[in-house]
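# Working through the structure, step by step
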Amino acid sequence: MTDYRIRTLELVVGVGEIPWASPGEFPVVDFLLDGRDLRDWLDPIERAERGETGGYLGHRASSDIRGLLEGTWSGDGAGTEDYGGRVALLGCTCGDIGCGPLCVRIEREPGWVLWRDIVRFRGPFFDYGDITFRFAQSTYAAAIDRFEAASHGQ
């Protein structure tokens, strides 16, 4: 088991792009763990197993990010998708969060928030193995609060 204790979590708004759509750009939220994009933590694992990565696009910034990171909203936009008890943090590069999403199970232990049971849910399914990202509860809550304050111009 690999248990990463993450000291900092940042929710950063960037630009997602769908090359074949017009307009193809929209704001997305990327997740930086200790200054490193979540994709950069996981891509080497998928590349080692499959020889390639599926690629992901950040979550649409207009989404319920608090609900997503608290594990109360699945991340599909309609609230009806079932990812086996997980939430979809990142979506397919086509811009549809439900098409090949990166999903995690969000759990709590006293003082901690954990992301574990990490999978690419479909297109094709891929299990990232026994990895856990562990955040101090206060750090995790502060990152969500900072994101909401910034997105509301406060």
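Every chain is numbered on its own, with residues counted from 1 as its sequence reads. Local features in this predicted model are restricted to residues whose pLDDT is 70 or higher, and side-chain atom pairs enter the listing and the counts only when it is 80 or higher, whereas totals over whole chains, interfaces and linings include all residues. For the side-chain quantities, the full set of heavy atoms in the structure was used; hydrogens and water were omitted.

Right, let's talk about the pattern of salt bridges for a bit. Each reported salt bridge corresponds to a side-chain nitrogen of Lys or Arg within 4 Å of a carboxyl oxygen of Asp or Glu. The full count for this structure, using the stated rule, is eleven salt bridges. We note a salt bridge from Asp117 to Arg86, for which the minimum N-O separation is 3.2 Å. With Asp117 in strand S8 (residues 112-120) and Arg86 in the loop between helix H2 (65-70) and strand S6 (87-90), this residue pair connects regions lying 31 residues apart in the sequence. Where Glu109 meets Arg134, a salt bridge forms, and the shortest distance between an N and an O atom there is 2.9 Å. Here Glu109 is found in strand S7 (residues 102-109), whereas its partner Arg134 is found in strand S10 (residues 131-136), with 25 residues between them in sequence. Any residue under 20% of the maximum accessible area for its type is buried, any over 50% is exposed, and the rest in between are partly exposed; the area is computed with a 1.4 Å probe on protein chains only. The buried category is assigned to Arg134, whose relative accessible area is 7%. Connected via shared salt-bridge partners are Arg66, Glu70, Asp145 and Glu148. To qualify as a helix, a DSSP run of H or I must reach at least 4 residues; to qualify as a strand, a run of E must reach at least 2; elements of each kind are numbered from the N terminus.

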